[in-house]
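# Coordinate inspection notes
Letter by letter, the chains look like this.
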Amino acid sequence: MHKYENISAPVIKRLPRYYRFLGELMDNGITRISSKELSAKMGLTASQIRQDLNCFGGFGQQGYGYSVEGLYNEIGHILGLDHSYRTILIGAGNLGKAVATHMSFEKRGFKLVGIFDNDKSKVGSVIRDIAVTDLDDLEDFCKDNAADVAIFCVPKYAVASIADRLYKLGIRNFWNFSHYDLSVRYDDIIVENVHLNDSLMILCYKISDAHDEPENDQRNNKS
């Protein structure tokens, strides 16, 4: 039984945002904040914030508000950021290199321990103080360096065969930047899919929608 299995997905998805805003408040020297003040900064209602936090027991006191550092630490604990899940990254191309270089793995509950690629020209190069290992050596590496999580930064066509190898090695947790649907292939894994193209298209929709409104209004006025 999962500890927070009855918590809705939208609430879980808001937790990293709370964590980020609280971290910024701490950096600005703010030690205490009310749900109303937090709502003004985050664009949520105070009621929504209280409801979200009450899902995990509630952390404030009426008339006293929330301890910024205390709430920050509690949400970090709920998110599991005090773990250090051993992580390998598959694909040392432009995307993989950017993910390996710019993500704060250690602050987000993970420890990057290996990077793999099948391009011999990339093998041996160093990214984030980690030498890129030949993908052919994946099994040997994982036998000596047990991994909890795999990150896919490879083309869609390459995922299935690599995923099968990782699955046989006991890896069941994936951060997936490919467009391959891992959840269809396996029903006992945890996967977080990152579709950058989807996000870009949503931005395009929002811009188009905002820009189309005046034109639609003009057409309606003429009819």
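See the structure above.
What you are looking at is a predicted structure, and each value in this text was computed from that prediction instead of being measured. (Residues numbered from 1 in each chain as written. Predicted model: local features only at pLDDT ≥ 70, side-chain atom pairs only at ≥ 80, totals over all residues. Heavy atoms only, no water.)

## Some points on the sheet that holds strand 9 (residues 190-193)
Note on sheets: strands pair through backbone hydrogen bonds, and any given pair is parallel or antiparallel. Taken together, seven strands build an open sheet; the order of strands is 5-6-4-3-7-8-9 and the sheet is mixed. On the outer flanks of this sheet lie strand 5 (126-127) and strand 9, each paired with one strand and no other. Where helix 7 (residues 156-168) meets the sheet, it contacts strand 3 (85-90), strand 7 (149-152) and strand 8 (173-176), and its direction lies at approximately 170° from that of strand 7. (Pairing = 2+ DSSP bridges. Helix = DSSP H or I, 4+ residues; strand = E, 2+ residues; numbered from the N terminus. Contact = heavy atoms within 4.5 Å. Axes fitted to C-alpha atoms, helices over the stretch in contact; angles between N-to-C directions.)

## A look at the packing of helix 1 (residues 9-27) against helix 3 (residues 46-54)
Viewed as axis vectors pointing N to C, helix 1 and helix 3 meet at an angle of 105°, and their least axial separation amounts to 11 Å. If you check the angle between helix 1 and helix 3, you find them roughly perpendicular. Here V11, R14 and Y18 of helix 1 lie close against helix 3, whose contacting residues are Q48, I49 and D52. (Parallel < 35°, antiparallel > 145°, perpendicular 65-115°, else oblique.)

## Considerations on helix 1
Three or four residues apart is the spacing at which side chains of an α-helix point the same way, because the helix has 3.6 residues per turn. An ideal rise of 1.5 Å per residue puts 27 Å on 19 residues; helix 1 measures up with 28 Å between its terminal C-alpha atoms. Of the residues making up helix 1, those classed as buried are V11, L15, Y18, Y19, F21, L22, G23 and L25. (Expected span 1.5 Å × (residues − 1). Buried < 20%, exposed > 50% of the residue type's maximum accessible area, 1.4 Å probe, protein only.)

## Overview of the packing of helix 1 against helix 2 (residues 35-42)
Direction vectors running N to C along helix 1 and helix 2 enclose 105°, while the axes themselves pass 11 Å from each other. Between helix 1 and helix 2, the angle is such that the two are roughly perpendicular. Residue-level inspection shows R17, Y18, F21 and L25 of helix 1 in contact with helix 2, the latter providing L38, K41 and M42. Partitioning the contact of helix 1 with helix 2 into residue classes produces five nonpolar, no polar and two charged. (Nonpolar A, V, L, I, M, F, W, Y, C, P; charged D, E, K, R; others polar.)

## Considerations on the environment of E69
Take E69: it is sitting in helix 4 (residues 68-79). Classification of E69 by relative accessible area gives partly exposed; the value is 48%.

## Describing the nonpolar core
One finds I88, I90, F152, L166 and L182 to be the most contacted residues of the largest nonpolar core, which totals 24 residues. Elements with a contribution of two residues or more to this core: strand 3, strand 4 (110-117), helix 6 (138-144), strand 7 and helix 7. A per-element tally of this core places helix 7 first, with six residues. In this view, L182 contacts F152, V159, A163, F174, N176, I189 and V191; residues no more than four positions away in its chain are not counted. (Core = buried A, V, L, I, M, F, W, Y, C linked by side-chain atoms within 4.5 Å.)

## What about the packing of aromatic side chains?
Considering all chains together, one arrives at six aromatic pairs under this definition. Centroid distance F152 to F174: 5.7 Å. Interplanar angle 10°. Geometry classified as stacked. With F152 in strand 7 and F174 in strand 8, this pair connects stretches of sequence that are 22 residues apart. One exposure class covers both F152 and F174, and it is buried. With centroids separated by 4.8 Å and ring planes inclined at 65°, the aromatic side chains of W175 and F177 adopt a geometry described as edge-to-face. Look at W175 and you get partly exposed, because its relative accessible area is 22%. For F177, a relative accessible area of 14% gives the class buried. Between R172 and the ring centre of Y167, over which it is positioned, the NZ or CZ distance is 3.5 Å. (Phe/Tyr/Trp six-rings, centres within 6.5 Å; stacked < 30°, edge-to-face > 60°. Lys NZ or Arg CZ within 6 Å of the ring centre and 35° of its normal.)

## As for the pairing of strand 3
Taken together, the six bridges between strand 3 and strand 4 define a ladder with parallel strand orientation. Bridging across to strand 4, T87 finds its partner in L112. This β-α-β element, strand 3 to helix 5 (residues 94-102) to strand 4, shows right-handed connectivity. (Right-handed = clockwise from strand over helix to strand, strands pointing away.)

## So, the pattern of salt bridges
In a structure, side chains of opposite charge can pair up when their charged atoms sit close to one another. Scanning the entire structure with this criterion turns up eight salt bridges. With a shortest N-O distance of 3.4 Å, D136 and K120 are connected by a salt bridge. On the criterion of sequence distance, the pair formed by D136 in the loop between strand 6 (130-134) and helix 6 and K120 in the loop between strand 4 and strand 5 is long-range, its members being 16 residues apart. The same class applies to D136 as to K120, namely exposed. Notably, a salt bridge pairs D188 with R172, separated by 3.7 Å at the nearest N-O pair. Of this pair, D188 sits in the loop between helix 8 (182-185) and strand 9 while R172 sits in the loop between helix 7 and strand 8; the two residues are 16 residues apart in sequence, bridging distant segments of the chain. The network of salt bridges with shared partners includes K120, D134 and D136. (Salt bridge = Lys/Arg side-chain N within 4 Å of Asp/Glu carboxyl O.)

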